[in-house]
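Listed here are the chains, written in short residue letters.
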Amino acid sequence: MPFEVFILGNNSAIPAHGRHPTSQVVNHHEKFYLVDCGEGTQIQLSKYKIKRSRLDHIFISHLHGDHYFGLIGLITSFHLLRREKPLHIYAPKGLKEILEMQLNVSDTKLVFELIFHETKFDSAEILLENDDLTISSFPVKHRIPTTGFLFREKNIQRKVRTEKLEAESIPHELIVELKKGKDVILNEKKYLSAEWTFPPASPRSYAFCADTLYHEELKNYIQGCNLVYHEATFMEESSERAKQTFHSTAKQAATMAQIASVKHLLLGHFSAKYEDLLPLLIEAKEIFAHTKLAIEGLKFEVE
Ligand SMILES: [Zn+2]
Ligand SMILES: [Zn+2]
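Remember, it's a predicted structure, so these values are computed and weren't measured experimentally.

Thresholds applied
Residues numbered from 1 in each chain as written. Chains lettered and ligands numbered in written order. Predicted model: local features only at pLDDT ≥ 70, side-chain atom pairs only at ≥ 80, totals over all residues. Helix = DSSP H or I, 4+ residues; strand = E, 2+ residues; numbered from the N terminus. Buried ≥ 20, exposed ≤ 12 C-beta atoms within 10 Å, placed from the backbone. Domains from an automatic or database assignment. Pairing = 2+ DSSP bridges. Axes fitted to C-alpha atoms, helices over the stretch in contact; angles between N-to-C directions. Core = buried A, V, L, I, M, F, W, Y, C linked by C-beta atoms within 7 Å. Contact = placed C-beta atoms within 7 Å. Left-handed = near helix turned anticlockwise from the far one by under 90°. Nonpolar A, V, L, I, M, F, W, Y, C, P; charged D, E, K, R; others polar. Right-handed = clockwise from strand over helix to strand, strands pointing away. Arc of directions from axis to C-beta.

Helix and strand content of the protein: 10 helices and 18 strands. Here the C-alpha coordinates of the protein stretch approximately 70 × 55 × 35 Å along the principal axes. Residues classed as buried in the protein amount to 39% of the 303 residues present.

Structure representation (structure tokens):
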């Protein structure tokens, strides 16, 4: 079952060099979640043939324009396309008022329900949970209140050895028990879960670290993640500028990946001053080898 991140926008602040402000789609078991919605997000969605209608939950890290200026356009399209399902938005305080004002002045009465969930900044919290996945927010350090998001799979069930079971006629409810790791008895024959099923794969996790200053506490929220997206607005040569603006360098992103023992790192939120991104990748790889650039239009599997 897929667990992957599709990059729609990877630039910071200003769109430049054909790159767009932050936005990405997380696909977990064919359920799609939008993370940030910078300007141009719905154009990118249509370019990469990702159906808007698959989005029911949108997570906004903070209220700098490069992370949400695409939202009113997307919401308006949903309205014009006569969306019926509710749309959930998880965002900092203030976004609800901004959107309501935009809708009011254009006399738009949405044909679907917008449900706001206000995120908080003093601790991590669970925002959404289903049978397979938990999505939480966690605080990061930026100029205004900002959260990252953590997508963590729940414990996965054991997998049935179908080739072995085909010869037996075991009722479905007993197969469910075997998958849970329990042994069952049928017609006086004992079926051991360990023998009739494979061990489950370990749960995977993806963390989106939003815009943030390098700060060590972040590692507590992303420890051991399979994939981490960390901003790398600048290179180390501009570390002073990074500090002043509450951003990170490629080297700092790699250091965070290393101290948090994550498996793979994705760099994004690049400054418009870098047309060529390769030097940022080289800088990060000197510290953390399993680093990639979050290039728009690419899909990254949470391995
Ligand atoms: Zn930003
Ligand atoms: Zn920002």
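From this point, things continue past the structure.
By domain assignment, the protein separates into domain 1 (3-155 + 203-301) and domain 2 (159-198). Domain 1 and domain 2 are separated by 42 Å when their C-alpha centres are compared.

Spatially, β6-β5-β4-β3-β2-β1-β18 is the arrangement adopted by the seven strands of the open sheet, whose pairing is mixed. The sheet is open, and its two borders are formed by β6 (114-118) and β18 (299-301), each paired with just one other strand. Strand after strand, the sheet turns through a mean of 20° between neighbouring axes, direction not considered.

Grouped together as the largest cluster of nonpolar side chains are 63 residues, with contacts concentrated most on V228 and L265. If one sorts the elements of this core by residue count, helix α9 (residues 250-259) sits on top with five residues. Filtering out sequence-adjacent residues up to four positions away, L265 remains in contact with V228, H230, A253, A254, A257, A284, F288, H290 and T291.

Turning our eyes to something else, we now look at the sheet that holds strand β9 (residues 147-153). Pairing within the open sheet is mixed, and its seven strands lie in the order β7-β8-β9-β14-β15-β16-β17. The outermost strands of the open sheet, each flanked by one partner alone, are β7 (125-129) and β17 (291-293). The average undirected angle you get between the axes of adjacent strands in this sheet is 20°. Here strand β16 (residues 264-268) runs beside β17; their pairing, made up of three bridges, is parallel. Pairing of L266 across the sheet is with K292, part of β17.

Our focus in this paragraph is the environment of D132. Tracing the sequence through the fold places D132 in the loop between β7 and β8 (133-139). C-alpha separation for the pair D132 and Q42, spaced 90 residues apart in sequence, amounts to 27 Å. The residues touching D132, leaving out its near neighbours within four places in the chain, are H28, H29, E153 and K154.

Mapped onto the fold, E195 is located in helix α6 (residues 193-196). Given 11 C-beta atoms within 10 Å, E195 falls into the exposed group.

Once that is clear, we can look at the packing of α9 against helix α10 (residues 278-285). Across the interface, α9 lies against α10 with an axial gap of 8 Å and an inter-helix angle of 35°. Along this stretch, α9 crosses α10, giving a crossing that reads as right-handed. Contacts from A250, K251, A253 and A254 of α9 reach α10 at L280, E283 and A284. Looking at side-chain class alone, the contact of α9 with α10 contains five nonpolar, no polar and two charged residues.

Let us look at the pairing of β16. Along a regular strand, successive side chains alternate from one face of the sheet to the other. Of all five residues in β16, five are buried; the element is thus mostly enclosed. Of the two faces of β16, the one holding H264, L266 and G268 and the one holding L265 and L267 are both buried throughout. Alignment of strand β15 (residues 227-231) against β16, held across five bridges, turns out to be parallel. The partner of V228 across the bridge, within β16, is L265. Following the chain from β16 across α10 to the adjacent parallel β17, one finds a crossover that is right-handed.

This part takes up the environment of H20. Residue position: H20 is located in the loop between β1 (3-9) and β2 (23-28). On the neighbour-count criterion, H20 (22 C-beta atoms within 10 Å) is buried. Here the alpha-carbon distance between H20 and K154, two residues 134 residues apart in the chain, equals 33 Å. What H20 contacts, discounting residues up to four positions off in sequence, is L8, G9, N11, P15, G38, G40, Q44 and E296.

What follows covers unusual backbone geometry. Its identity as a non-glycine residue notwithstanding, D107 has a phi of 50°, on the positive side. With respect to the helices and strands, D107 occurs in the loop between α3 (95-105) and β6.

Quick look at α10 now. Every buried residue belonging to α10 is among L280, E283 and A284, and all of these are buried. Looking straight down α10, one finds its buried side chains confined to an arc of 95°; they lie on one side. For α10, the exposed residues set more than 90 degrees away from the buried face come down to L278, P279 and I282. Residues of α10 that are buried sit in contact with α9, β16 and β17.

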